[in-house]
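Read off the chains here:
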Amino acid sequence: MLDKTFDPASFEKDLYAAWESSGAFAPRQDEQGRDPYVLMMPPPNVTGTLHMGHALTYTLPDILVRMARMQGREVLWQPGMDHAGIATQLVVEKQLAAKGENRRDLGREEFLKRVWAWKEESGGIIANQQRRLGISPHWARERFTLDEGLNKSVRAAFVTLYHRGLLHRAKRLVNWDPKLLTAVSDLEVQNTETKGKYWYIRYAIDGQKDTFITVATSRPETLFGDQAIAVHPSDERYFALHGRYAILPLTGRRIPIVTDEYCDPEKGTGAVKITPAHDFNDFEVGKRHNLEPLNIFDIHACLNENVPKFYKGLERFEARKKVLEDLEADGLLESTQEVTLMVPICERTGEIVEPYLTDQWFVDTSRVAKRALDAVRNKEVEIVPEQWKATYYHWLENIQPWCVSRQLWWGHRIPAWYGPDGRVFVAHDEAEAKAYAFTHYGEEVTLAQDEDVLDTWFSSALWPFSTLGWPEKTTTLRRYYPTSVLVTGVDILFFWVARMMMMGYCFMDEPPFRTIYLHALVRDEKGQKMSKSKGNIINPLDLIESVGADALRFTLASLSAPGRNINFSNSVVEGYRNFATKIWNAARFCDHYECAYHPDFKAQTLNAPLNRWIVGELASAQANLEDALSRYRFDEACSLVYQFVWGRFCDWYLELAKPLLSQDNDAQEETKATAAWVLGQICHLLHPFMPFITEKIWMHQVAEDAPSLITSPWPELATLKDLAKDSLFPWLIDLITATRSMRQEVGVPAGASVILGFSALSEAQKEFLVSQKDLVLRMTRASDFTLDVAGDARFDKGVITSLVHDVTLHIPVAGLIDLDSERARLEKVMAQAEKDMKPLTAKLENRAFMDKAPADIVAGIQARLEEAQGQMDHARQAIARLDTLG
């Protein structure tokens, strides 16, 4: 018999080890000849540890692959890990710093040895943590974005793009981290709301004495890089200055005044200083007006040789202070305004990111985006939910060149070599580059390889085909590309998903997947982003240890409503831990009544109406579950299976079956077999969501040496739905529920016995009630019932009634309750509810409060108001029932 207490920690690790060692996660031949079912796992960072976002990202596809595997599909879920260029390099550099070392003293080769050593010793912790979650990828095929096979893929992609004219080196603005000394991607930049200032600076108009134009800036230290002042062409205040020049303060340099619609007349003074080398918007304005960018910073964000000597070498914020002092001394600092600014912060270092003009490698994504756009527009690729299509279109329609170079050492080194005159040779390896150089120069020359590495997202963009063997035309690649569905977070729709789409068309001439399912983000219970600073991080591993992986998985899936962030709380997980306990106790119930599972069980031959009903309900639940998952409605699927397991099987069928299980006849044996078989089918349907408890019960129920549930066939129950057709058990359940509710509403003591009466029963309902009389009386705590109250004096007065479908239920309660005291109690409930509602309603009607109150506070007030209203309505309904009694 199963242990009395449900303790997932006692079996989860052993079950997982058994699955993995048995090869259960490997693809198996599909006997029906269907296309393989293939998913690519979003590769976690090698530095990472499992967080709630990961838990969601891995749980949802695991539900899909486990079901597909049981349905006999050939399933490949490709796992792997990302080398995480910046994150990994930072980890190792911090270790070196603790020893008083730094990478530049070590040199590139020795530093990379240290990184690989760290990776072998400490990297990949997350892979074991993923196993604790119970996911089932084909671990034997696990890839690493810096393994030799993927190195070959990355080099081939870079070389191919270059020779197609889709990749080039150019001087452009990038996000520059002056601490890391590298460009960083937009994804690694967090725009943070910060209190700051606008300084209003006066620029003299060239040739006009005592005439100035004033600009507002939050970055006066970039003044030395100004190449123009821009105003809106329709701004009447500056009509007279069109085409004139201003004098740059502190330098005396002339800069033109240009007109551009980028300027907002309502913001600041309407005049904008244009610094093309240090602002992304200014860079675009500069291109439109042929302004030469002037870089005034070095890689450390200190002022360089392009500024007056008095400022050269100053760190940017020291320079700001001196510039402001000198402007004020010259009478050019007109005023200062306190404002709120969005400041770009590198999430890796906490450093303020600098727009910086530097030589980088760029992919001309505008030329490869069209097919990726058309694929979604033409429904060659589906995005679920559809609301994210607009975001996808917006990004790809406004795409900018992709900076793919990083000034790091850990990563894919760019396969480009430079000759003595700076000419670049892009090749698969140095030997090929030397051959190109010899052809060009006519002699052997010394080549220097580019020092930079590629953006981590570059190798990730190749993931759907590089992991399958590309650029070689492998059997695996032919078999498993394109993949079936991608499940990932909406936050990387552009950074990863769109780039995989572009690269898939670029190198494979077809999309990498047919469906993209984008889940939302996991927040705390108040809807706030989880962060260390807020102290609201929920560790999934802690939850797994305390409530089990199944409860966590089911919680995440049940909360995955399309396009809606998940507000996660421990209380919800506890609720689904109770669900797991309910299933466990149901299995123990079956043990107690010796309900044995029979593989040759024939549901079509059942005789007992109760057994036919539960099997038909099971078949309907399965059909609805499959439909929900086909639409990626994980929340619907969870709700359906939960309602059947708890609401139908556990709460009603097992309770209604007790009399049959206690008899010594054919009905007892049939009910035992039915209960065990339905429990076994529940294990199948629940297995994709809750793999551990279902496998444990299945192994106990069938046999320790039986085939594992993970590879057992998915139930085919469609032909059994008719067994519940015309069943009166749903009506009986509603009847019992109504009786219990009526008793509770008017305060009938729990131990008091009542009599039931009916009117308007059909002949079928009468026959059914007579056949189930003992069951009805036991479940309603009634001593008797009558099929027709007409002429029955017991129902003449003191009766409460309720309509159950088309039948009126009558319950005499006179003599069972004290009408006056019960009415007084209910009136007190109403008075307290009304008292509670007044301040809550007042807050919600207070416009000033509502404008300022956080969303979670408003939601809490609304929830308390709804609760009080519910108490009020319930008491009012109960009083109305009492009033019918006199």
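Residues numbered from 1 in each chain as written. Predicted model: local features only at pLDDT ≥ 70, side-chain atom pairs only at ≥ 80, totals over all residues. Heavy atoms only, no water.

**Focus: helix H1 (residues 12-22)**
An α-helix turns once per 3.6 residues; consequently, residues spaced three or four apart project the same way. Glu12, Leu15, Tyr16 and Trp19 are the residues of H1 that are buried. Taken down its axis, H1 places every buried residue within 100° of arc, on the same side. Opposite its buried face, H1 presents the exposed residues Lys13, Asp14 and Ser21, each directed more than 90 degrees away. Its buried side turned inward, H1 meets helix H2 (52-70), helix H6 (125-133), helix H17 (540-547), helix H18 (549-558) and helix H23 (691-701). Where H1 terminates, the next one or two residues include Gly23, which has phi positive at roughly 80°. (Buried < 20%, exposed > 50% of the residue type's maximum accessible area, 1.4 Å probe, protein only. Helix = DSSP H or I, 4+ residues; strand = E, 2+ residues; numbered from the N terminus. Arc of directions from axis to C-beta. Contact = heavy atoms within 4.5 Å.)

**Comments concerning the sheet that holds strand S23 (residues 513-519)**
Spatially, the 3 strands line up as an open sheet ordered S15-S23-S22, and their pairing is parallel. Across the chains shown, the open sheet's two edge strands, defined by having one partner strand only, are strand S15 (382-384) and strand S22 (483-489). With strand direction ignored, the average angle separating the axes of adjacent strands in the sheet is 15°. Where S22 and S23 come together, 6 bridges link them in parallel fashion. Note on S23: the bridge partner recorded for Leu486 is Ile516. (Pairing = 2+ DSSP bridges. Axes fitted to C-alpha atoms, helices over the stretch in contact; angles between N-to-C directions.)

**Topic: the sheet that holds strand S27 (residues 782-786)**
The 4 strands are arranged S27-S26-S29-S28 in an open sheet whose pairing can be described as mixed. Only two strands of the sheet have a single partner each, and these edge strands are S27 and strand S28 (799-804). The mean inter-strand angle of the sheet, taken between neighbouring strand axes irrespective of direction, is 25°. Judged from the 6 bridges that link them, S28 and strand S29 (residues 807-812) form a sheet pairing that is antiparallel. Residue Thr801 lies in a different strand from S29, and its bridge partner there is His810. On the sheet, helix H26 (residues 773-780) packs against strand S26 (754-759) and S27 and is oriented at approximately 130° with respect to S27.

**Considerations on the pairing of strand S11 (residues 254-259)**
In this structure, strand S9 (residues 228-231) lies alongside S11, joined through 3 bridges in parallel fashion. Its bridge partner lying in S11, Val231 is registered against Thr259. Across 3 bridges, the pairing between strand S10 (residues 245-247) and S11 is antiparallel. Considered in S11, the bridge of Ala246 is made with Ile255.

**Let's talk about the packing of helix H20 (residues 609-630) against helix H21 (residues 634-661)**
A pair of packed helices can be characterised by two numbers: the angle between their axes and the separation between those axes. Running from amino to carboxyl end, H20 crosses H21 at an angle of 175°, the nearest separation of the two axes being 9 Å. Here H20 lies roughly antiparallel to H21, going by the angle between them. Along its contact with H20, which presents Leu610, Asn611, Trp613, Ile614, Glu617, Leu618, Ala621, Asn624, Leu625, Ala628 and Leu629, the element H21 presents Phe634, Glu636, Ala637, Leu640, Phe644, Arg648, Phe649, Trp652, Tyr653, Leu656, Ala657 and Leu660. When its residues are assigned to classes, the contact of H20 with H21 shows 18 nonpolar, 2 polar and 3 charged. (Parallel < 35°, antiparallel > 145°, perpendicular 65-115°, else oblique. Nonpolar A, V, L, I, M, F, W, Y, C, P; charged D, E, K, R; others polar.)

**Things to note about the environment of Leu112**
With respect to the helices and strands, the residue Leu112 is situated in helix H5 (residues 108-121). When the C-alpha positions of Leu112 and Leu809 are compared, they lie 80 Å apart, and in sequence the two are 697 residues distant. Setting aside anything within four residues of it in sequence, one finds Leu112 in contact with Trp409 and Trp410.

**A look at the pattern of salt bridges**
Applying the stated criterion across every chain yields a total of 53 salt bridges. In this structure, the salt-bridge partner of Glu382 is Lys389, at a minimum N-O distance of 3.8 Å. Two residues, Glu655 and Arg778, come together in a salt bridge whose shortest N-O distance is 3.4 Å. One end of the pair, Glu655, is in helix H21; the other, Arg778, is in helix H26, with 123 residues separating them in the sequence. Judged by relative accessible area, Glu655 falls into the partly exposed class, the value being 24%. (Salt bridge = Lys/Arg side-chain N within 4 Å of Asp/Glu carboxyl O.)

**Looking at the packing of aromatic side chains**
Using the criterion set out here, one finds 40 aromatic pairs in the structure. Each ring, one from Tyr162 and one from Trp361, has its centre 6.2 Å from the other, and the planes form 70°; the classification is edge-to-face. Taken as a pair, Tyr162 in helix H7 (residues 148-163) and Trp361 in strand S14 (residues 354-363) lie far apart in primary sequence, 199 residues in all. Within the aromatic cluster, the residues linked to one another by ring pairs are Phe554, Tyr576, Phe579, Tyr642, Trp646 and Phe689. Cation over ring: Arg131 sits above Trp139, and NZ or CZ is 4.0 Å from the ring centre. The ring of Tyr245 has Arg254 sitting right over it, with the charged end atom 4.0 Å from the ring centre. (Phe/Tyr/Trp six-rings, centres within 6.5 Å; stacked < 30°, edge-to-face > 60°. Lys NZ or Arg CZ within 6 Å of the ring centre and 35° of its normal.)

**Quick notes on the pairing of S26**
In terms of burial, S26 is a largely internal element, 6 of the 6 residues being buried. Examined bridge by bridge, S26 and S27 share 4 bridges and lie parallel to one another. Counted as the bridge partner of Leu756 is Phe785 from S27. Two strands pair when backbone bridges link them, and S26 and S29 are joined in this way by 3 bridges, in the antiparallel orientation. Within the sheet, the bridge partner assigned to Phe758 lies in S29 and is Leu809.

**Quick look at the environment of Leu314**
Mapping Leu314 onto the fold places it in the loop between helix H8 (280-288) and helix H9 (316-329). Along the primary structure Leu314 and Val368 are separated by 54 residues, whereas in three dimensions their C-alpha atoms are 43 Å apart. Beyond its immediate chain neighbours, meaning those up to four positions away, Leu314 contacts Ala301, Cys302, Leu303, Ala319 and Lys322.

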